[in-house]
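Spelled out, the chains give:
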Amino acid sequence: MAEPKIPHVTDGPGGLDAVDRALVRELVADGRITNAALAAKVGVAESTCLARVRALRDSGVILGVHAQVDPAALGLPIQAMIRVRLSSHVPDQVRRFHTALRTIPGLLTAFHTAGADDYLLHVAVTSPAALRALILEHVTVQPGVSHTETQLLFEVIAGPGVV
């Protein structure tokens, strides 16, 4: 039997209605919540909940569900932001740098930015020596990298999110 279409009014940001926003908010808070518990929290039928979550995934609103880990608990107590400037923005050079980013050990997140710096790299490492080695052996050696500046992070504070 085909899943019924679920009509909803798209009255919120991104074309989401109140039910969609509530589903996303609950999934952000607990990505492991069961469909039954999620449906109960949001106040919809389980079949509606399942269809809505599937539609949110299919439309690209929900990109995935991930475990949040503490780098220090994994033996990586030092976190830093590395600001990177490229000497040129030739597309091939940018693509090569993007490919190289995927090989940097301890890279948590890379941000391609506008402004004085081209990239912000959030990394976690075991020690100051490991941070130095990461920068010298994996960042500054990349073709086109003209400048780096490193800032140690004392604390990472999560924001309220977008929902």
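That block above? That's the structure.
Criteria and thresholds
Starting from 1, residues in each chain are numbered consecutively following that chain's sequence as written. Since the coordinates come from a predicted model, pLDDT governs what is reported: local features require at least 70, and pairs of side-chain atoms require 80 or more to be given and counted, while whole-chain, interface and lining totals use all residues. Hydrogens and water are ignored here; the side-chain numbers use all heavy atoms of the structure. A run of H or I in DSSP counts as a helix once it spans at least four residues, and a run of E counts as a strand once it spans at least two, with each numbered from the N terminus. What a helix is expected to span follows from its residue count: subtract one and scale by 1.5 Å. Any residue under 20% of the maximum accessible area for its type is buried, any over 50% is exposed, and the rest in between are partly exposed; the area is computed with a 1.4 Å probe on protein chains only. A contact between two residues is defined here by any heavy atoms of the two lying within 4.5 Å. Identification of polar contacts relies on pairs of N or O atoms within 3.5 Å, with a donor-acceptor requirement for protein atoms, meaning one able to donate a hydrogen and the other able to accept it, and with residues adjacent in sequence counted only if both atoms are side-chain atoms. Pairing of aromatic side chains here covers Phe, Tyr and the six-membered ring of Trp, requires ring centres within 6.5 Å, and sorts the geometry by plane angle: under 30 degrees stacked, over 60 edge-to-face, intermediate tilted. Comment: axis = line fitted to C-alpha atoms, over the contacting stretch for helices; angle = value between 0 and 180 degrees taken between N-to-C directions. Note on terminology: angles under 35 degrees are roughly parallel, angles over 145 are roughly antiparallel, angles of 65 to 115 are roughly perpendicular, and the others are oblique. Just so you know the grouping, Ala, Val, Leu, Ile, Met, Phe, Trp, Tyr, Cys and Pro go in nonpolar, Asp, Glu, Lys and Arg go in charged, and all remaining residues, Gly too, go in polar. In a left-handed crossing the near helix is turned counterclockwise from the far helix by less than a right angle, and in a right-handed crossing that turn is clockwise.

Novice: Provide a residue-level description of helix H1 (residues 18–29), including the pertinent values.
Specialist: Over its twelve residues, H1 runs 16 Å from end to end, which matches the ideal 16 Å to within 8%, given 1.5 Å per residue. Those residues of H1 lying buried are Asp 20, Ala 22, Leu 23, Val 24 and Leu 27. Against the buried residues of H1 lie helix H2 (35–42) and helix H3 (46–58). The N-cap of H1, judged by a side-chain oxygen 3.2 Å from the amide nitrogen of Val 19 a few residues on, is Asp 17.

Novice: Tell me what's going on with the packing of aromatic side chains, and back it up with residues and numbers.
Specialist: Any aromatic ring pair is given by two values, namely how distant the centres are and how the planes are angled relative to each other. For the structure shown, the criterion picks out one aromatic pair. Taking 4.7 Å as the distance between ring centres and 55° as the angle between the ring planes, the aromatic pair formed by Phe 97 and Tyr 119 counts as tilted. One end of the pair, Phe 97, is in helix H4 (residues 91–101); the other, Tyr 119, is in strand E3 (residues 119–125), and 22 residues separate them in sequence. Each member of the pair, Phe 97 as well as Tyr 119, carries the same accessibility label: buried.

Novice: Go over the packing of H1 against H3 with me, naming the residues and quoting the values.
Specialist: Two quantities define a packed helix pair, namely the angle between the axes and the distance from one axis to the other. Axis separation between H1 and H3 bottoms out at 10 Å; the angle between their running directions is 80°. Put simply, H1 runs roughly perpendicular to H3. Contact with H1, carried on its side by Val 19, Asp 20, Leu 23, Val 24 and Leu 27, involves Cys 49, Arg 52, Val 53 and Leu 56 of H3 and no other residues of that element. Each residue belonging to the contact of H1 with H3 can be placed in one class, and the counts come to seven nonpolar, no polar and two charged.

Novice: Any chance you could break down the packing of H1 against H2 for me, citing the residues and the numbers?
Specialist: Where H1 contacts H2, the two axes come as close as 10 Å, and the packing angle between them is 130°. Relative to H2, the element H1 lies oblique. In this structure, H1 meets H2 at a crossing whose hand is right-handed. Taken together, the residues of H2 that come into contact with H1 (itself represented by Val 19, Ala 22, Leu 23, Glu 26 and Leu 27) are Leu 38, Lys 41 and Val 42. Here the residues of the contact of H1 with H2 are counted per class, giving six nonpolar, no polar and two charged.

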